[in-house]
Amino acid sequence: MSVNQENIRKHLSQEIFHLVGDVADSMARECYVVGGYVRDIILERPSTDMDFVTVGSGIELAQAVAKRLGADAHLAVFKTYGTAQVKWHDMELEFVGARKESYRRESRNPIVEDGTLQEDQHRRDFTINAMAVSLNAGTYGTLLDPFNGVGDIERKLIRTPLNPDITFSDDPLRMMRAVRFATQLGFDIFPDTFQAIRRNAGRIKIITKERIAEELMKIMRADVPSRGFYMLKDCGLLTLIFPELMALSGVETVRGRGHKDNFVHTMQVLDVVAQKNRNEWLRWAALLHDIGKPVTKEWDDAVGWTFHNHNFVGEKMIPRIFARMRLPQNEHMKYVKKLVGLHMRPIALVEDEVTDSAVRRLLFDAGDDVDDLMTLCNADITSKNQEKVRRYRENFELVKRKLVDIEEKDRVRNFQPPVDGEEIMETFGLAPSAPVGVIKDSIKEAILEGTIKNRYSDAYGLMMSKAAEIGLKPVYDGRLCYQMMHGTPVGDIVVAASGQGLALCAMGDGAQAELGQIARRGHLTLAQEQTPLLRKAMTQLAEYFAGERQDFDLPLNAVGTDFQRRCWQVLAAIPYGSVISYKQQAERVGNPGGYRAVAQSNNCNPLAIIVPCHRVVASDGTLGGYAGGVSAKRTLLALENSHKK
């Protein structure tokens, strides 16, 4: 392979390389950029991994370089390892002295001695990482490649510079690194090198779980991660480091019927997910989605091989696997655990009728991870029967559309029931107890089943009816509770509610009289006290006046005649910032000539603003009468128009 010298010159034209070389020359030191940076120059791939080797003390060279770079340079010295790091702007420069190494069998930590460049190159793990480029003035840019790393790059081979048995026995982590580099670069492992990994696989036991996990993470981030796991399986490492994954491999046959090779299937799913998404934890979920199958595999004479509940069993296995392999025990583990547990749900929807209830439950359980779950499940559709795959994918698209439609309509992704346990306890004077859970669960189930909408008014009504079923009464039973809202754009407002819902929202001089009338009509005792419903009403009114709310979500108990109720229903349907005429309202009520009757009903509306009678005007555009006064009507319409814009 001919080396692109122009590319080397381009990289080494950077100021930092000349500066390091100048400093080394001033100290009469040999200095080289080595390892991954040189490899990536040859591969013409980006790299910020700058490693420098000098014959002598790497720490002394790093100190001198940091001094030359000035105040912007930050030096870190690691005397135990004889290395130093200089951070300068967005660069990280690693310095080490050339060395030779020897090993004890029980440890991968070498006994280090000063050495020559050639001895340093001999200790490198692979030929592609053993190249060096001189930075000294007399030989600047000269490539030193004693093991033909350039040729191995051309042949796409991972090969050790020296005897691979010694290389891997000395430092068994290099076996994982061989697989990782081959996976990342799309290379093969040289046959002799691969056989040496097989012979030395047992030595991996002296490597810490953390270091193995680091290499697995790098394999997982590769474009085609399955290459790495196939190599780990074939060389014998997978059995030792990941026995649960290895257990997926193979096909068992009974009476001529075999199941699919779940390891091969898992690799297919992993690669499909990797093509679609860079999220490494979604890839882990793909790798582990069927991890429970070996444990749950059974033969059934009627149906053949079964893997009942493998998703739930796999979900329970995830924390143990992550803990043993020293993978994080944080939200990443919980994310993988959740996706493994849920990965059969969309498939079940594909196979069965796609009901709104089932989709709501899936949205609720998956939350913000539903899109990742669908990516995983779509990848999980694999079969040699292409007609089956086509049919599944068509049904899967139906599920995806249904998810979007239900989410837009019902807003159940990550939803919290509109009435929570605190409100239930406060409303009925309860301590934390079983009845609170019964009411709360009833509300959640009703929303997921579609029995009620995911809104406060519906949830409140169900809370009251469910409480009555189990013999509970609200602490304010028999009272009309009210609060004053001061300082609104239309002056003071009286807001009142009974157990059945919001009964009054009135402004102006007649508000107190209306409050008394409603109390007498319902045989209720007036009480100026706060309730959860009143707090909700006051909050929503404040949001309305601030332009943050257009529609109210409150349970209403507006007492009136049937005709008045029909009139108020028409009012509630008038869009925010819009108006209709009394004539139009009368037509919508079904009494085209009853202009005066609808006007009178509007005047009797006890829930001004919330049931918006201010949105009805005379046919000639004049504002007409209003229970709260024409000035209040004008203010509310102007407020809505300004916020709508």
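Our structure's up above, just so we're on the same page.
Residues numbered from 1 in each chain as written. Predicted model: local features only at pLDDT ≥ 70, side-chain atom pairs only at ≥ 80, totals over all residues. Heavy atoms only, no water.

Looking now at the sheet that holds strand S17 (residues 491-498). Read across the sheet, four strands follow the order S18-S17-S16-S19 without closing on themselves; strand pairing throughout is mixed. Unpaired on one side and paired on the other, strand S18 (501-507) and strand S19 (525-527) mark the two borders of the sheet. Neighbour-to-neighbour, the strand axes of the sheet open up by a mean angle of 25°, direction not taken into account. Where strand S16 (residues 479-488) meets S19, three bridges bridge the pair, whose relative direction is parallel. Its bridge partner being in S19, Cys481 is matched across the sheet by Ala527. Relative to S18, helix H26 (residues 511-521) is tilted by about 155°, and along the sheet it contacts S16, S17, S18 and S19. (Pairing = 2+ DSSP bridges. Helix = DSSP H or I, 4+ residues; strand = E, 2+ residues; numbered from the N terminus. Axes fitted to C-alpha atoms, helices over the stretch in contact; angles between N-to-C directions. Contact = heavy atoms within 4.5 Å.)

A few words now on the packing of helix H2 (residues 15-26) against helix H4 (residues 58-69). The interhelical angle for the contact between H2 and H4, taken along N-to-C directions, is 120°, at an axis separation of 10 Å. Overall, the two elements H2 and H4 adopt an arrangement that is oblique. Handedness of the H2/H4 crossing: right-handed. Here Ile16, Leu19, Val20, Asp22, Val23, Ala24 and Ser26 of H2 come into contact with H4, specifically with Leu61, Ala64, Val65, Arg68 and Leu69. Here the residues of the contact of H2 with H4 are counted per class, giving nine nonpolar, one polar and two charged. (Parallel < 35°, antiparallel > 145°, perpendicular 65-115°, else oblique. Left-handed = near helix turned anticlockwise from the far one by under 90°. Nonpolar A, V, L, I, M, F, W, Y, C, P; charged D, E, K, R; others polar.)

Tracing the chain through its elements places His614 in the loop between helix H30 (595-604) and strand S21 (616-617). The exposure class assigned to His614 is buried, which follows from its relative accessible area of 0%. For His614, the side chain forms a polar contact with the side chain of Glu640, separated by 2.8 Å. Apart from the residues lying within four places of it in its own chain, the contact partners of His614 are Tyr544, Ile609, Tyr626, Lys633, Leu636, Leu637 and Glu640. (Buried < 20%, exposed > 50% of the residue type's maximum accessible area, 1.4 Å probe, protein only. Polar contact = N/O pair within 3.5 Å; in protein donor to acceptor, adjacent residues only side chain to side chain.)

Along the chain, Ile41 falls in helix H3 (residues 36-43). Considered as a pair, Ile41 and Lys10 are 31 residues apart in the sequence and their alpha carbons are 9.6 Å apart. Once residues within four sequence positions are removed from consideration, Ile41 is found in contact with Asn7, Ile8 and His11.

With a phi close to 60°, Asn148 is a non-glycine residue in the positive phi region. Note on placement: Asn148 falls in the loop between strand S9 (143-144) and helix H6 (149-155).

Across the seven residues of strand S5 (residues 91-97), five count as buried, placing the element largely inside the fold. Where strand S2 (residues 49-54) meets S5, six bridges bridge the pair, whose relative direction is parallel. Its bridge partner lying in S5, Phe52 is registered against Phe95. Examined bridge by bridge, strand S4 (residues 83-88) and S5 share six bridges and lie antiparallel to one another. Across the sheet, Gln85 pairs through a bridge with Glu94, a residue of S5. In this structure, the hairpin formed by S4 and S5 is closed by a connection of two residues, where His89 is found at a positive phi of approximately 55°.

Of all hydrophobic cores here, the largest spans 179 residues; its most connected members are Phe229, Leu232, Phe242, Trp284, Val336 and Ile609. At eight residues, the largest contribution of residues to this core is made by helix H8 (residues 173-185). Discounting residues that sit within four places of it in the chain, Trp284 has contacts with Leu216, Met217, Met220, Phe242, Leu327 and Val336. Judged by nonpolar contacts, the second largest core, of 11 residues, contains Leu480, Leu504, Ala506 and Ala511. (Core = buried A, V, L, I, M, F, W, Y, C linked by side-chain atoms within 4.5 Å.)

What follows is about the packing of helix H17 (residues 310-324) against helix H18 (residues 331-342). Running from N to C, H17 and H18 point in directions that differ by 160°, and their axes come no closer than 7 Å. It follows that H17 is roughly antiparallel to H18 by the angle criterion. At the point where H17 passes H18, the crossing takes the right-handed sense. Residues Asn311, Phe312, Gly314, Glu315, Ile318, Pro319 and Phe322 of H17 lie in contact with H18, whose contacting residues are Met333, Val336, Lys337, Val340 and Gly341. A class-by-class count of the residues in the contact of H17 with H18 yields seven nonpolar, three polar and two charged.

Bringing the packing of aromatic side chains into the picture now. Inspection of every chain in the model, using the stated rule, returns 13 aromatic pairs. With a centroid separation of 6.2 Å and 65° between ring planes, the pair formed by Trp284 and Phe322 is classed as edge-to-face. Here Trp284, found in helix H15 (residues 280-288), pairs with Phe322, found in helix H17; they are 38 residues apart in sequence, far enough to count as distant. In this pair, the class of Trp284 matches that of Phe322, namely buried. Centroid distance Tyr544 to Tyr576: 6.2 Å. Interplanar angle 85°. Geometry classified as edge-to-face. Placement of Tyr544 in helix H27 (residues 532-545) and of Tyr576 in the loop between helix H28 (562-572) and strand S20 (580-581) is noted, with a sequence separation of 32 residues between them. Like Tyr544, the residue Tyr576 is buried in the burial classification. Members of the aromatic cluster, joined through ring pairs, are Phe17, Tyr37, Phe52 and Phe95. Here the basic side chain of Lys233 rests over the ring of Phe263, its NZ or CZ set 5.7 Å away from the ring centre. (Phe/Tyr/Trp six-rings, centres within 6.5 Å; stacked < 30°, edge-to-face > 60°. Lys NZ or Arg CZ within 6 Å of the ring centre and 35° of its normal.)

Here we have seven strands laid out as an open sheet, ordered S3-S4-S5-S2-S1-S8-S9, and mixed in their pairing. In this open sheet, the two strands that pair with only one neighbour each are strand S3 (73-78) and S9. Bridge count for strand S1 (residues 31-34) against strand S8 (residues 132-134) is three bridges, and the pairing is antiparallel. Paired with Val33 across the bridge in S8 is Val133. Contacting S1, S2, S8 and S9, H3 crosses the sheet at an angle of about 60° to S1. Set on the sheet, H4 makes contact with S1, S2, S3, S4 and S5; between it and S3 the angle comes to about 165°.

Turning next to the layout of surface pockets. In this model, the second largest pocket occupies a volume close to 950 Å³. Taken together, 31 residues make up the lining of the second largest pocket; nearest its centre are Lys260, His265, Lys293, Asp380 and Thr382. Where the lining of the second largest pocket is concerned, the elements lending two or more residues are helix H14 (262-276), H17, H18, helix H19 (345-351) and helix H22 (386-410). The class makeup of the residues in the lining of the second largest pocket is 10 nonpolar, 10 polar and 11 charged. (1 Å grid on protein atoms, 1.4 Å probe; cavity = no way out; pocket = protein on both sides within 12 Å on 5 of 7 lines; lining within 4 Å. Points joined across faces, edges and corners; volume = space filled by probe spheres on them.)

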